[in-house]
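# Coordinate inspection notes
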Amino acid sequence: MKRYQFNEITTMQYIFLISGTQVGIGILSLPAQLADIANTDGWIAIVMGWIISIIASTIIIKTMEKHEQDTIFDLSRRYFGRIFGTFLHLAFVAYALLASITVVFTSIHITQVWVLPNTPNYLIMMLFMLPGFFITRNGVRVLGRYAEVVFYLTLWMPILIAVPLQKGTILHMLPMLKEGWAPIIQAVKTTVLSFLGFELAFVFYPFLKEKKHAVKAMVIANSISAFTFLLITITCFIFFSPDETPSLIWPTLSLLKTIEFSFIERFEVIFLSFYLFVMSTTGIPYIFTTVFGISQLIGKKDHTIVLLVAVCIFIFTSFLYNPSYSHIQTMGSWWERYGLWGAYFFPIGLFIYTSIARWFQGGKNK
């Protein structure tokens, strides 16, 4: 009998769960970051980052294929023993917790700046945590269903973002490679960090019903994210001048301010209200990974109690701490720093180590 037979997700849900985790808060500032490093050639770095993310995510799947019923928390103990395995277990939980904190507080900050400037952050935190608790409590199957619903619910958003293209000028994109390959290579680091989220395959892979489609699903998920990144970035580059784009804090939201309808004002508020669903598909999987990992560590099969404690801590913290934009940036930089190691370098090392260990064991698990 499968270990997670009653909590399995379909291939489509797996795709939307991974892509939803990737397309989160980073998309709001990515065009400005790329323009600052590589000017309007930054879109090329997205393509390169897409290729790298597919390679890294494929390595993760190939590692997990050897242990179809295990998560990264099981593998850490299996291959690294009790002490060092526990350290790796805690490291992955800490990484997921850092990502959760960054996404949640960034979402609150953006909501306060653009939608509810006079609303205390603890009230917004409560509004975020209530639905998040019920979704996370019910496990990966509900997470997958939620990610799928949000994907279909927000399909209109990329199309709408492309509307300002008719007012822009394609000349902003020319000439290509205006400063050579060096700035583009430098910008690749920014793009590969925007694809963070596929590393949660270490946790979600055992829940996938049809594991034979796992690699294909990861390619599709990364491609959906890459298409979204490219569409928004190129639209910003064409609409804004190369000099204006790097100066914008949230260029995607600034782009939306230019969209006008005769029957509605401040359309970016409506857009951002729906985009909160997209940001939730980034934060909730990381919150689940955090509480699931802690529950595994203390030997609890049900993660509800740990989740309830985590939600209470988030709400209590929001009473005492309201991070500024600079603090948000600091949290994001720490997440990116650890994400670079956890999502790109660690999978390679783990794949090599587990392959060698299995070879010494004659291809058999312990």
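Residues numbered from 1 in each chain as written. Predicted model: local features only at pLDDT ≥ 70, side-chain atom pairs only at ≥ 80, totals over all residues. Heavy atoms only, no water.

Turning next to the overall build of the protein chain. Of the regular secondary structure elements, the protein chain holds 14 helices and zero strands. For the protein chain, the N- to C-terminal ordering of α and β elements is α-α-α-α-α-α-α-α-α-α-α-α-α-α. Taking 2.2 N^0.38 as the reference for a compact globule, 366 residues should give roughly 21 Å; the C-alpha atoms of the protein chain span a radius of gyration of 21 Å, in line with that estimate. Expressed as lengths along the three principal axes of its C-alpha atoms, the size of the protein chain is roughly 65 × 45 × 35 Å. Burial statistics for the protein chain: of 366 residues in total, 54% are counted as buried. Sequence separation of 24 or more characterises 85% of the internal contacts of the protein chain that already satisfy a separation of 6 or more. Entry remark: accessible area of the protein chain is about 16600 Å², with carbon and sulfur atoms responsible for 68%. When the 25 positive and 18 negative side-chain charges of the protein chain are each reduced to one mean point, those points stand 15 Å apart. (Helix = DSSP H or I, 4+ residues; strand = E, 2+ residues; numbered from the N terminus. Rg over C-alpha atoms; globule rule 2.2 N^0.38 Å. Buried < 20%, exposed > 50% of the residue type's maximum accessible area, 1.4 Å probe, protein only. Contact = heavy atoms within 4.5 Å. Areas by Shrake-Rupley, 256 points an atom, 1.4 Å probe, with all protein chains shown as cover. Lys, Arg positive; Asp, Glu negative; His and termini not counted. Charge placed at Lys NZ, Arg CZ, Asp CG, Glu CD.)

Taken as a whole, this structure holds 29 aromatic pairs when the rule is applied. Look at Phe 16 and Phe 151: their rings are 4.2 Å apart centre to centre, the planes differ by 20 degrees, and that puts the pair in the stacked class. Taken as a pair, Phe 16 in helix H1 (residues 11-22) and Phe 151 in helix H6 (residues 140-153) lie far apart in primary sequence, 135 residues in all. Taken together, Phe 73, Phe 92, Tyr 95, Phe 202, Phe 204, Phe 207, Tyr 286, Phe 288, Phe 292, Trp 335 and Phe 346 form an aromatic cluster joined through their ring pairs. A cation over an aromatic ring shows up here: Lys 211 above the ring of Tyr 205, its NZ or CZ 5.8 Å from the ring centre. (Phe/Tyr/Trp six-rings, centres within 6.5 Å; stacked < 30°, edge-to-face > 60°. Lys NZ or Arg CZ within 6 Å of the ring centre and 35° of its normal.)

This brings us to the side chain of Thr 245. Relative to the elements of secondary structure, Thr 245 occurs in the loop between helix H10 (214-239) and helix H11 (251-256). The class of Thr 245 is buried, set by a relative accessible area of 0%. Each residue touching Thr 245, except ones within four places of it in the same chain, is listed here: Pro 31, Ala 32, Ala 35, Cys 236, Phe 237 and Phe 240.

Moving on, we come to the nonpolar core. Counting residues in each nonpolar core, the largest one holds 93 residues, and the members touching the most others are Tyr 14, Phe 198, Phe 204, Tyr 275, Trp 335 and Tyr 344. Among the elements that take part in this core, helix H4 (residues 72-114) stands out by supplying 13 residues, more than any other. Once residues within four sequence positions are removed from consideration, Tyr 344 is found in contact with Ile 52, Ser 53, Ala 56, Val 192, Leu 193, Phe 195, Leu 196, Phe 198 and Gly 339. Counting 17 residues, the second-largest nonpolar core is a separate cluster that includes Phe 105, Met 129, Leu 307 and Ile 328. (Core = buried A, V, L, I, M, F, W, Y, C linked by side-chain atoms within 4.5 Å.)

Next up on the list: the environment of Lys 257. Note on placement: Lys 257 falls in the loop between H11 and helix H12 (267-297). Judged by relative accessible area, which is 48%, Lys 257 ranks as partly exposed. Spatially, the C-alpha atoms of Lys 257 and Ala 99 are 29 Å apart, while their sequence positions differ by 158 residues. Beyond its immediate stretch of four places on either side in the chain, Lys 257 contacts Trp 114 and Glu 268.

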